Structure formats: C-alpha cells, structure tokens
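Now for the letters of each chain:
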Amino acid sequence: MKIIALESSAVTASVAVAEDERLLAQSFQNSGLTHSATLMPMVADLLKNTGLTLEEMDVVAVAAGPGSFTGVRIGVAATKGLAWPGDKPCAPCSTLESMAWQCAHMGGEICAVMDARRNQVYCARFAAEHGGLRRLTEDRAMGLDELIQEIRVSGKPQSLVGDGAALAQRALEEASLPCILTPPHLRYQTAWGVARAALELARMGKLTSAAAMAPSYHRLSQAEREHMSAEKRTARELGAE
C-alpha cells in the first residue's frame, strides 16, 4: 500500500511517501516559511524526484490535529485537494500518535506533547511494545499539573516527543519524575510518522473520504473563545438591566 502523507500541524512542514512500513522518500522543512507557500510545492517536488505519481498512491494521509489551527487547516485542505479528483481514501491521523510512531522502536512509555499555549499542552500517552503502539490515553488538551499527576500515578519513565517535549521535561524534572527527551531528529513532527499512523488506520478499516474528513482541534480557537466570552459579557449586561 502506497501512502502519501502531509504534516503541517506545527512550525515544521513535511511530506512523505511510504509503502507499507517502508519509507520511500521524505521532504522536511523547518525554515519558518508559511505552510500555505511550501506544502504543495513540496508534494510536487517529492513526487517528481521519486518518479511517482499521485495516481499511484492508494491513500492520502494528513496530521489532522491537534496542533496549530492554521497549520492543521492548511494540511487538511491540501489533502482534500489531492484526494478529491481521484476519489482517493483519506487517513486523518492524530498528530500525537504520528509523533509517537517515530519512537515506537524504543520501548517503554511515550508521552507525545505539543505546546497548546495558555498554560496547556496537547498530550497523549502510549506504550511502545514489539515495534508497535498501544494507546494509554486519548488525545486531549490539559494543564501541565494534570499531566504531572497522571504520570506520577503511572510511575514509569516517559520518553518525551513533540514540540512541547522540552516544556514537559522541565515540569516533570521539577516534580522529580523520570523522563527522557528524545533527540531532535525523532522529537518533531514528520510526515513519515503520519504515514505510519495512516497504515494502522487502513488496516483497521478507518479510512474516510475527502468530503468527510475534518480537522480535530481538541480546543476552541482563540477567535471562538473570544466570541464566546463576548457573548457571555453581553448576556450578563442584559441580565443586569
């Protein structure tokens, strides 16, 4: 099964082509340029350089969240655009699970963490077993204090992966909890991890169509939060009259 995968959920942008568990090619960029300007050219260049075509791909995969609201939207929109003309099945992958797949060979517990701002992180924990992953938690937005308490209950060392790994490391070390910061080449989001997560979705029969695919933000955007806050203020003011 050939999978083309896109990753634009955070500051890095990445595109990969994999055949089952084997990575055929990957392009990775951490230049600070906007994903709207870089992602599709990366797709075109990767296919050209490998001599492959979009028609040869069996699945189009994307990191569908959590992550940057803008980055996730760009990735999902690009994936829809690639899949729609040929009616290709799509794999909307968890960003956190995709990152964990990069460390599945390490064994032990993996804590995938992204900085969600506002004193929160996006987080999910996994057990790496025999080269595979077993979920210990769902993806969620949570405070670092909640994460510390959860890991204290686990009592096991955590391999930290993700752009929030250093943030989590400081918090865990201050709480005297054992953790390992994975090296940079394994720590950050890559499309290879997305392709590997997509393969699992395909094996479980959980692929979807381009029309049905949607981002998974796990938290309201700042604009939505501000809108709700404004509505609550208006309701209070009207109630006081």
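Whatever comes next refers back to the structure up there.
Residues numbered from 1 in each chain as written. Predicted model: local features only at pLDDT ≥ 70, side-chain atom pairs only at ≥ 80, totals over all residues. Heavy atoms only, no water.

Q: Is there a simple way to think about the pattern of salt bridges in this case?
A: Side chains that carry opposite charge are capable of pairing whenever their charged atoms lie near each other. The full count for this structure, using the stated rule, is twelve salt bridges. R125 is paired through a salt bridge with E150; the nearest N and O atoms lie 3.1 Å apart. Remark: E150 occurs in helix α4 (residues 144-154) and R125 occurs in strand β7 (residues 120-129); sequence separation between them is 25 residues. Bridged by salt links that share partners, the residues E21, R196, E200 and R203 form one connected network. (Salt bridge = Lys/Arg side-chain N within 4 Å of Asp/Glu carboxyl O. Helix = DSSP H or I, 4+ residues; strand = E, 2+ residues; numbered from the N terminus.)

Q: Before we go on, may I ask you to explain the environment of Q29 in this structure?
A: Looking at where Q29 falls in the secondary structure, it is placed in strand β3 (residues 22-29). Spatially, the C-alpha atoms of Q29 and R196 are 19 Å apart, while their sequence positions differ by 167 residues. Contacts of Q29, omitting those with residues within four sequence positions, involve V11, T12, A13, T38 and M42. (Contact = heavy atoms within 4.5 Å.)

Q: I would appreciate a short explanation of the nonpolar core in the present structure.
A: In globular proteins that are soluble, nonpolar side chains generally tend to be buried together. Counting residues in each nonpolar core, the largest one holds 25 residues, and the members touching the most others are I4, L6, V15, V17, V43 and L47. Elements with a contribution of two residues or more to this core: β1 (2-7), β2 (13-19), α1 (35-50), β4 (59-65) and α2 (69-83). When residues no more than four places from it in sequence are discounted, the contact partners of V15 are I4, A5, A25, Q26, S27, L39, M42, V43, L46 and A191. Core analysis: the second largest hydrophobic core is formed by 18 residues, I3, A63, V194 and L199 among them. (Core = buried A, V, L, I, M, F, W, Y, C linked by side-chain atoms within 4.5 Å. Buried < 20%, exposed > 50% of the residue type's maximum accessible area, 1.4 Å probe, protein only.)

Q: What should I look at first to understand α2 in this one?
A: Along an α-helix, residues three or four apart share an orientation, since each turn contains 3.6 residues. Look at α2: 21 Å from first C-alpha to last across 15 residues, which is about the 21 Å you get at 1.5 Å a residue. Listing the buried residues of α2 in full gives F69, G71, V72, G75, V76, A78, T79, K80, L82 and A83. Close packing links the buried residues of α2 with β1, α1, β4, β5 (90-94) and β7. (Expected span 1.5 Å × (residues − 1).)

Q: When you look at the packing of α4 against helix α5 (residues 165-174) in this model, what are you seeing that I'm missing?
A: A packed helix pair is summarised by two numbers, namely the angle formed by the two axes and the spacing between the axes. Look at α4 against α5: their axes get within 10 Å of each other, and the N-to-C directions meet at 60 degrees. For the element pair α4 / α5, the angle class is oblique. Both α4 and α5 take part in a crossing whose hand is right-handed. Together, L144, I148 and I151 of α4 and L167, A168, A171 and L172 of α5 make up the contact between the two elements. Class assignment for the residues of the contact of α4 with α5 results in seven nonpolar, no polar and no charged. (Axes fitted to C-alpha atoms, helices over the stretch in contact; angles between N-to-C directions. Parallel < 35°, antiparallel > 145°, perpendicular 65-115°, else oblique. Left-handed = near helix turned anticlockwise from the far one by under 90°. Nonpolar A, V, L, I, M, F, W, Y, C, P; charged D, E, K, R; others polar.)

Q: Teacher, can you tell me more about unusual backbone geometry here?
A: With the exception of glycine, most residues fall at negative phi, and the peptide bonds are largely trans. With an omega of 5 degrees, the peptide bond between G65 and P66 qualifies as cis. Among the secondary structure elements, P66 is positioned in the loop between β4 and α2. For H130, which is not glycine, the phi torsion reads 55 degrees and is therefore positive. By secondary structure assignment, the location of H130 is in the loop between β7 and β8 (132-135). Looking at H130, the relative accessible area reads 87%, which means it is exposed. Here S176, not a glycine, exhibits a phi torsion of approximately 60 degrees, which is positive. Summarising the element assignment, S176 is placed in the loop between α5 and β11 (179-181).

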